[in-house]
Number of protein chains: 2
Amino acid sequence: MRLGLNIGTLGEFELIKRLTAHLPGRADVLLGVGDDCAVLDLQSEALLLTTCDSQVEGVHFTLQTSSPEQIGRKALAINLSDIAAMGGEPRYALISLILPPALPLSVLEGIYAGLRAEATRFNTALVGGNVAGTGQAAQLIIDITLLGTVERGHVLMRSGAQVGDILFVTGTPGDSAAGFYTLLHPDPAYPARAQEVVRQRHRTPNPRVHEGRILSQLGTNVVTAMLDISDGLSGDLEHLCTRSQVGALIEAERLPLSPALRAIAAHTLRDPLDWALHGGEDYELLFTVAPGSEQLVSEAVQSATGTPVTPIGVILPAPDGMKVRYSNQREERLASKSWDHLKASLERPAAEK
Amino acid sequence: MRLGLNIGTLGEFELIKRLTAHLPGRADVLLGVGDDCAVLDLQSEALLLTTCDSQVEGVHFTLQTSSPEQIGRKALAINLSDIAAMGGEPRYALISLILPPALPLSVLEGIYAGLRAEATRFNTALVGGNVAGTGQAAQLIIDITLLGTVERGHVLMRSGAQVGDILFVTGTPGDSAAGFYTLLHPDPAYPARAQEVVRQRHRTPNPRVHEGRILSQLGTNVVTAMLDISDGLSGDLEHLCTRSQVGALIEAERLPLSPALRAIAAHTLRDPLDWALHGGEDYELLFTVAPGSEQLVSEAVQSATGTPVTPIGVILPAPDGMKVRYSNQREERLASKSWDHLKASLERPAAEK
């Protein structure tokens, strides 16, 4: 039984590919595995969106570096971000908890307070769930399935990008990775305000639900493709390019770097672009806009939400692959350093994280 | 942090009650936490049903006593049973896996083969999922969310039973518990065929989806309340009585005991009624029928599916509580020995199970 390939040998994406080959389908499944959400047709006015994601203690969070309430908020937020990435409105959540026996009730109630707060903020009902014990000391796991809806004809998928479209991002990518770095490498000399900002961005990411709704309302002839940045900008851009069968060029100097990110990068003598291009868990939206509609899109989102949206590059033909152009006009191939949560979590003992 | 109440002190039902108090809701949630499924109104012809349930290695299954394919089938079956219990048609499943690093790929592929087979059998699409590692040696966890639909006005809930209604059960309850007993207490002298039957009923329960559909088509004025037996007949009857604010009388001699159950009970010198009344994981349907419709209901289900449905008692006023009447006309209070999976899993080390 213990011989042969084990799952640590494969990465998350390869594993999912193997497991999800030849799955039973139904005619009312408009989009199955492979995007941020599945898209289901229940013969109602809106289409149904479904997604699920789990957070594992020691892999995705620790009780030492986040409060129970922050953990609860983030567990729901990462799922809200998947609904946002399709342009959807979140509606119902099912919460499944796997509990180690010694978990204090106060921790669990803190997590639920966080779940409740985030659900209330995005008008999401908690309609079900399950608790199970592990029978032995082990990690706390929060697994959430989230359902949302989106109007027919307004689903924003990864597959719609066209050559010549402009690539946009919401907010300031890289902050979460910088925050994670400061948690892994504590240093009392970090600039205090910057450290607070980037850690908050890591612990309680802000799902771009309102921004996603506005973008989907603009129509798929204006906003052509979208996904959220969970694995890192380069990794998620690769997902978009693969599904749309295109390439892309990012102009490095256009990347919107936050002052907090720059301050932490300066202090640690690291390149802030590295965090912005390859850091995971931003939960910002990455989307493509038909040429000529850039201003319309920027103004629509910023006027309604205050969230900056920034053009950072352009969609190229597939043979061009992914490239990045620096301020000195030098162009390089952009390697996807996609964060493989599964592989990382299998390779490193929990205590190290 | 480690002081105060911990979750092992509370049972599953008490814990869920505490966590689910004051949850954020929405007007389109017709039924939230507290039944087999939530019932959601998406303004389509049918109502949406949602449920989630997880299976934890060492608590709900072991790789020593079930094959990977059986484990996969059962993980989906227990969720199918929840949709069946509302009279619904299963449609879409999301599969979330938590994987220990050393798990052989062949085991995972076996589990997926089981999931696929059971999904195909009940026309259910696997539309999403997630895999996460645990970062250290730990148990395999399969967490499933299942969505289904049911026609408006045909939802069978736990709360509809009326005094005078007849209590029915599908199939032969107790087999699964007897099968579990033979796995915990192996003995080469068990009657071989009986052992095979009860173990199969434990390892791959048969969700009563078709039976549930027929019952819901008969209308809520004929079939007034329903739920599935996962915690044991007495425990789930108590759930029905609580939600319907009624009592109940079970006539012990009417309980449909399978020949296999009787054979294992005779061999072990145990009372087969104990397994039938209190054994968990039957995944049969327990439902109430308006007086006068008993024959209509029996014939409808048996002619279409071949599954026996048996009247086993009657609904009483709430002050009568739950009672059982034996063949000698002696009546006793029926204690709910509801199987609390959470408490059991927290109290016993996994290795013992």
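Residues numbered from 1 in each chain as written. Chains lettered and ligands numbered in written order. Predicted model: local features only at pLDDT ≥ 70, side-chain atom pairs only at ≥ 80, totals over all residues. Heavy atoms only, no water.

Some thoughts on the pattern of salt bridges
If you walk through the whole model with that rule in mind, you get 40 salt bridges over all chains. Residue A:Arg201 is joined to A:Asp175 by a salt bridge in which the shortest nitrogen-to-oxygen separation is 2.9 Å. Remark: A:Asp175 occurs in helix 4 (residues 175-184) and A:Arg201 occurs in helix 5 (residues 192-203); sequence separation between them is 26 residues. There is no split in this pair, since A:Arg201 and A:Asp175 are both buried. For the salt bridge of B:Glu196 with B:Arg193, the shortest nitrogen-to-oxygen distance reads 3.4 Å. Of this pair, B:Glu196 and B:Arg193 both sit in helix 5 (residues 192-203), separated by three residues, roughly a single helical turn. A cluster of three or more residues bridged by salt bridges with shared partners is formed by A:Asp175, A:Arg201, A:Arg208, A:Glu211 and A:Glu284. (Salt bridge = Lys/Arg side-chain N within 4 Å of Asp/Glu carboxyl O. Helix = DSSP H or I, 4+ residues; strand = E, 2+ residues; numbered from the N terminus. Buried < 20%, exposed > 50% of the residue type's maximum accessible area, 1.4 Å probe, protein only.)

Focus on the UniProt feature "binding site: substrate" (unreviewed entry) in chain A
Residue and element names in this part refer to chain A. In this numbering, the UniProt entry assigns the feature "binding site: substrate" (unreviewed entry) to His60, Glu281 and Trp339. Tracing the backbone shows His60 in the loop between strand 3 (46-56) and helix 2 (68-85). Assignment of secondary structure puts Glu281 in the loop between helix 9 (272-278) and strand 10 (285-289). (UniProt positions renumbered as here; feature names shortened; annotations may be inferred.)

Here we look at the sheet that holds strand 1 (residues 29-31) of chain B
Residue and element names in this part refer to chain B. Sheet architecture is open: six strands sit in the order 1-2-3-6-4-5, paired in mixed fashion. Strands at the two margins of the open sheet, each flanked by one partner only, are strand 1 and strand 5 (125-133). The mean inter-strand angle of the sheet, taken between neighbouring strand axes irrespective of direction, is 20°. Relative to strand 6 (residues 141-151), strand 3 (residues 46-56) is paired through 11 bridges, and the arrangement is antiparallel. Looking at strand 6, one finds that Gln55 is bridged to Ile142. Where helix 3 (residues 105-121) meets the sheet, its contacts fall on strand 4 (89-99), strand 5 and strand 6, and the angle it forms with strand 4 comes to roughly 170°. (Pairing = 2+ DSSP bridges. Axes fitted to C-alpha atoms, helices over the stretch in contact; angles between N-to-C directions. Contact = heavy atoms within 4.5 Å.)

Notes on the relation of the copies chain A and chain B
Expressed as a screw transformation, the operator carrying chain A onto chain B has a rotation angle of 180° and an axial translation of 0.0 Å, and the superposed copies differ by an RMSD of 0.0 Å. One copy is carried onto the other by what is essentially a two-fold rotation axis. Minimal C-alpha separation from the rotation axis in chain A is found for A:Ser44, amounting to 2.1 Å. When you check the interface residues of chain A against chain B, 100% turn up at the interface there too, and the contact is symmetric in its surfaces. (Least-squares fit on C-alpha atoms with pLDDT ≥ 70 in both.)

So, the sheet that holds strand 5 (residues 125-133) of chain A
Taken in spatial order, the six strands of this open sheet run 1-2-3-6-4-5 (chain A), and their pairing is mixed. Every other strand in the sheet has two partners, leaving strand 1 (29-31) and strand 5 of chain A as the edge strands with one partner each. Neighbour-to-neighbour, the strand axes of this sheet turn through a mean angle of 20°, independent of strand direction. Contacts from helix 1 (residues 12-19) of chain B reach strand 4 (89-99) and strand 5 of chain A within the one sheet, and its direction differs from that of strand 5 of chain A by about 150°.

Some points on the interface of chain A and chain B
Chain A puts 90 residues into the contact, and the matching count from chain B is 90 residues. Summing the contributions of chain A and of chain B, the shared interface buries around 7,100 Å²; its carbon and sulfur component is 63%. Among the residues chain A hides against chain B, the three largest losses belong to A:Leu19, A:Arg26 and A:Leu105. Together they make up 10% of the total. Between the two partners, chain A and chain B, sit six salt bridges. One salt bridge connects A:Glu109 with B:Arg18, and the closest N-O pair in it is separated by 3.2 Å. There are 21 residue pairs in polar contact (both at pLDDT 80 or more) connecting chain A and chain B. Sorting the residues of the side of chain A that touches chain B by element identifies helix 1 (12-19), strand 2 (38-40), strand 3, strand 4, helix 3 (105-121), strand 5, strand 6 (141-151) and helix 11 (341-347) of chain A as the ones contributing at least two each. (Buried area = accessible area lost by both parts, 1.4 Å probe. Polar contact = N/O pair within 3.5 Å; in protein donor to acceptor, adjacent residues only side chain to side chain.)

Observations regarding the state of the cysteines
Residues and elements named next belong to chain A. Counted by the stated rule, this structure contains zero disulfides over all chains. Note on Cys37: no disulfide assigned, nearest cysteine sulfur contributed by Cys52 at a separation of 10 Å. Accessibility expressed as a relative area gives 1% for Cys37, which makes it buried. (Disulfide = S-S within 2.5 Å.)

Section: the nonpolar core
Core analysis: the biggest nonpolar cluster contains 55 residues, and A:Leu15, B:Ile95, B:Leu97, B:Leu99, B:Leu215 and B:Phe287 have the highest contact counts within it. One finds A:Leu76, A:Leu146, A:Phe168 and A:Val289 within the second-largest nonpolar core, a separate group that totals 53 residues. (Core = buried A, V, L, I, M, F, W, Y, C linked by side-chain atoms within 4.5 Å.)

A few points about the side chain of B:Asp175
All names here are of chain B. Classification of Asp175 by relative accessible area gives buried; the value is 2%. Among the polar contacts listed, one links the side chain of Asp175 to the side chain of Arg201, at a separation of 2.9 Å. When near neighbours in sequence (up to four residues on either side) are disregarded, Asp175 contacts Val198, Arg201, Ser258, Leu261 and Asp282.

Topic: the pairing of strand 6 of chain A
Residues and elements named next belong to chain A. Most of strand 6 is tucked away, with 10 of its 11 residues classed as buried. Pairing of strand 4 with strand 6 involves nine bridges; the strand directions are antiparallel. In the sheet register, Leu94 faces strand 6, and the bridge partner there is Thr145.

Some thoughts on helix 7 (residues 233-244) of chain B
All names here are of chain B. Taking 1.5 Å per residue, 12 residues should reach 16 Å; helix 7 reaches 16 Å between its end C-alpha atoms and fits that length. Looking at helix 7, one finds that the buried residues are Leu233, Ser234, Gly235, Asp236, Leu237, His239, Leu240, Cys241 and Ser244. Within two residues after helix 7, Gln245 carries a phi angle of roughly 55°, on the positive side. (Expected span 1.5 Å × (residues − 1).)

A short note on the packing of helix 3 of chain A against helix 1 of chain B
Between helix 3 of chain A and helix 1 of chain B, whose axes approach to 10 Å, the crossing angle comes to 40°. Between helix 3 of chain A and helix 1 of chain B, the angle falls in the class oblique. As for how helix 3 of chain A packs across helix 1 of chain B, the hand of that crossing is right-handed. Facing A:Leu105, A:Leu108, A:Glu109, A:Tyr112 and A:Arg116 of helix 3 of chain A, the residues of helix 1 of chain B in contact are B:Leu15, B:Arg18 and B:Leu19. (Parallel < 35°, antiparallel > 145°, perpendicular 65-115°, else oblique. Left-handed = near helix turned anticlockwise from the far one by under 90°.)

A look at helix 2 of chain A
If you check helix 2 of chain A, its first and last C-alpha atoms are 26 Å apart, about what 18 residues at 1.5 Å a residue would give, namely 26 Å. A:Gly87 sits one or two residues past helix 2 of chain A and shows a positive phi near 85°.

Thoughts on the environment of A:Pro191
Residues and elements named next belong to chain A. With respect to the helices and strands, the residue Pro191 is situated in the loop between helix 4 and helix 5. Overall, the relative accessible area of 28% leaves Pro191 in the partly exposed class. The sequence separation of Pro191 and Ala93 amounts to 98 residues, and the corresponding C-alpha distance is 38 Å. Setting aside residues up to four positions removed in sequence, Pro191 forms contacts with Ala263, Ile264 and His267.

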